[in-house]
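Read off the chains here:
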Amino acid sequence: MKFVSMVGALLFGLSVTLLAQADATPDAALDALHKAGADANAAAFEALLAEDVVFLGVGGAGRLEGQAARAYFSKYLAQGNAWAYSSSLRETRVSADGSVAWFDETLEHGQLGLGRATGVLVRSGEGWKVAQYNLTVPLGGGAAAASAGVDSQAGASTGLVAGSRAAEQQPA
C-alpha cells in the first residue's frame with residue numbers, strides 16, 4: 001500500500017512539474033504534451049488541453065473534439081500505451097496580444113518515421129493549452145509510405161512528395 005501511495009505521489013509531482021513548465025511558453029507546453037504522451041501520463045496530457053480541444057489525425061475517426069478527445073487519450077494512456085514523438089524542428093508564432101500561438105513541427109517517431117503537426121494554443125489563466133492539434137504522417141517516407149506502396153525516394157531531389165500537386169507540376 002505504501003508503494004502505491006508513493007508511486008501516486010511521484011506521478012502527481014511529475015504532473016505538477018510538467019504543468020508549471022508548460023505555463024512559460026507555447027514551446028514548453030508542446031514539449032510537455034509530448035513528454036506526457038511518451039510517459040503515458042494521462043493526467044498531465046489532459047491538463048494541457050483546452051476545454052474545446054480538436055485533434056485531427058487520431059482515434060480512427062480522424063477528428064476528436066472536447067470530451068471525446070479526452071476520453072480517447074485517457075483510455076489509451078491509462079492502458080499504459082505511450083507514444084514517443086520528438087519534435088526535431090518547430091516554428092511558433094504568438095499573436096500580438098500574447099493570447100494565441102500557432103505552430104508547425106516536424107516529428108520523429110521510431111516506427112512511423114517522420115511526421116508533421118500543426119496547431120493552435122491558447123493562453124489561459126492556467127498557462128498555454130492546446131486548442132487544435134493536427135497530426136499527419138506524410139507519404140514520402142517511413143512505414144506509412146511502405147504500407148501505401150509509395151516510393152520513399154520519390155521527390156527526394158526536389159523535396160516534394162510523389163502525387164502532390166506541386167510534384168505533378170515539376171518538369172520531367
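Check the entry above for the structure.
What comes next concerns the included structure. Keep in mind that this is a model prediction, so the values were computed, not measured.

1. Re the pairing of strand β1 (residues 49-56)
Move 1: When you tally the buried positions in β1, you get 6 out of 8 residues, the bulk of the element.
Move 2: Judged from the 4 bridges that link them, β1 and strand β6 (residues 127-136) form a sheet pairing that is parallel. Pairing of Val-54 across the sheet is with Gln-132, part of β6.
Move 3: Summarising the sheet, β1 and strand β2 (residues 63-65) pair through 3 bridges and their orientation is antiparallel. Note on β2: the bridge partner recorded for Leu-56 is Arg-63.

2. Here we look at the pairing of strand β3 (residues 86-94)
Move 1: In the sheet, β3 pairs with strand β4 (residues 100-109) via 8 bridges, with the strands oriented antiparallel. By the bridge assignment, Glu-91 is partnered in β4 with Asp-104.
Move 2: If you look at the hairpin formed by β3 and β4, you'll find 5 residues sitting between the two strands, and Gly-98 has a positive phi there, around 75°.

3. Looking at the nonpolar core
Move 1: Ranked by internal contacts, the top residues of the largest apolar core, which has 28 residues, are Leu-33, Phe-45, Leu-49, Phe-55, Leu-121, Val-130 and Tyr-133.
Move 2: Those elements giving two or more residues to this core turn out to be α2 (26-38), α3 (42-47), β1, α4 (66-78), β4, β5 (113-124) and β6.
Move 3: In terms of residues, this core owes the most to one element, α2, which gives 5 residues.
Move 4: In contact with Leu-49, other than residues within four places in its own chain, are Leu-33, Phe-55, Arg-70, Lys-129 and Val-130.

4. Notes on α4
Move 1: Under the 1.5 Å per step criterion, the end-to-end length of α4 is 18 Å for 13 residues, consistent within 8% with the ideal 18 Å.
Move 2: Along α4, the residues classified as buried are Gly-66, Ala-69, Arg-70, Phe-73 and Leu-77. Burial along α4 is one-sided: seen end-on, the buried residues are contained in an arc of 95°. Turned more than 90 degrees from where α4 packs its buried face, Gln-67, Lys-75 and Ala-78 sit exposed.
Move 3: Contacts made by the buried residues of α4 are with α2, α3, β1 and β2.

5. Describing the packing of aromatic side chains
Move 1: As enumerated under the stated definition, the model contains 10 aromatic pairs in all.
Move 2: Ring centres 5.5 Å apart and planes at 85° place the aromatic pair Phe-45 and Trp-83 in the edge-to-face group. Taken as a pair, Phe-45 in helix α3 and Trp-83 in the loop between α4 and β3 lie far apart in primary sequence, 38 residues in all.
Move 3: Overall, Phe-45 belongs to the buried group, its relative accessible area being 2%.
Move 4: Here Trp-83 falls in the buried class, since its relative accessible area comes to 15%.
Move 5: When the centroid spacing of 5.7 Å and the interplanar angle of 40° are considered together, the rings of Phe-103 and Tyr-133 count as tilted.

6. Brief notes about the layout of surface pockets
Move 1: Taken as a whole, the largest pocket encloses approximately 290 Å³ of empty space.
Move 2: In terms of lining residues, the largest pocket is bounded by 18 residues, among which Val-58, Phe-73, Trp-83, Tyr-85 and Leu-135 are the most central.
Move 3: Sorting the residues of the lining of the largest pocket by element identifies α2, α4, β4 and β6 as the ones contributing at least two each.
Move 4: Taken together, the residues that form the lining of the largest pocket break down as 14 nonpolar, 4 polar and no charged.

7. Considering the sheet that holds β6
Move 1: Read across the open sheet, the 6 strands follow the order β2-β1-β6-β5-β4-β3; overall the sheet is mixed. Each of the sheet's edge strands pairs with one partner strand only, and the pair in question is β2 and β3. Recorded for the sheet is a direction-independent mean angle of 15° between the axes of neighbouring strands.
Move 2: Of the strands in this sheet, β1 and β2 are in contact with α4, which crosses β1 at around 75°.

Cut-offs applied
Residues numbered from 1 in each chain as written. Predicted model: local features only at pLDDT ≥ 70, side-chain atom pairs only at ≥ 80, totals over all residues. Heavy atoms only, no water. Buried < 20%, exposed > 50% of the residue type's maximum accessible area, 1.4 Å probe, protein only. Helix = DSSP H or I, 4+ residues; strand = E, 2+ residues; numbered from the N terminus. Pairing = 2+ DSSP bridges. Core = buried A, V, L, I, M, F, W, Y, C linked by side-chain atoms within 4.5 Å. Contact = heavy atoms within 4.5 Å. Expected span 1.5 Å × (residues − 1). Arc of directions from axis to C-beta. Phe/Tyr/Trp six-rings, centres within 6.5 Å; stacked < 30°, edge-to-face > 60°. 1 Å grid on protein atoms, 1.4 Å probe; cavity = no way out; pocket = protein on both sides within 12 Å on 5 of 7 lines; lining within 4 Å. Points joined across faces, edges and corners; volume = space filled by probe spheres on them. Nonpolar A, V, L, I, M, F, W, Y, C, P; charged D, E, K, R; others polar. Axes fitted to C-alpha atoms, helices over the stretch in contact; angles between N-to-C directions.

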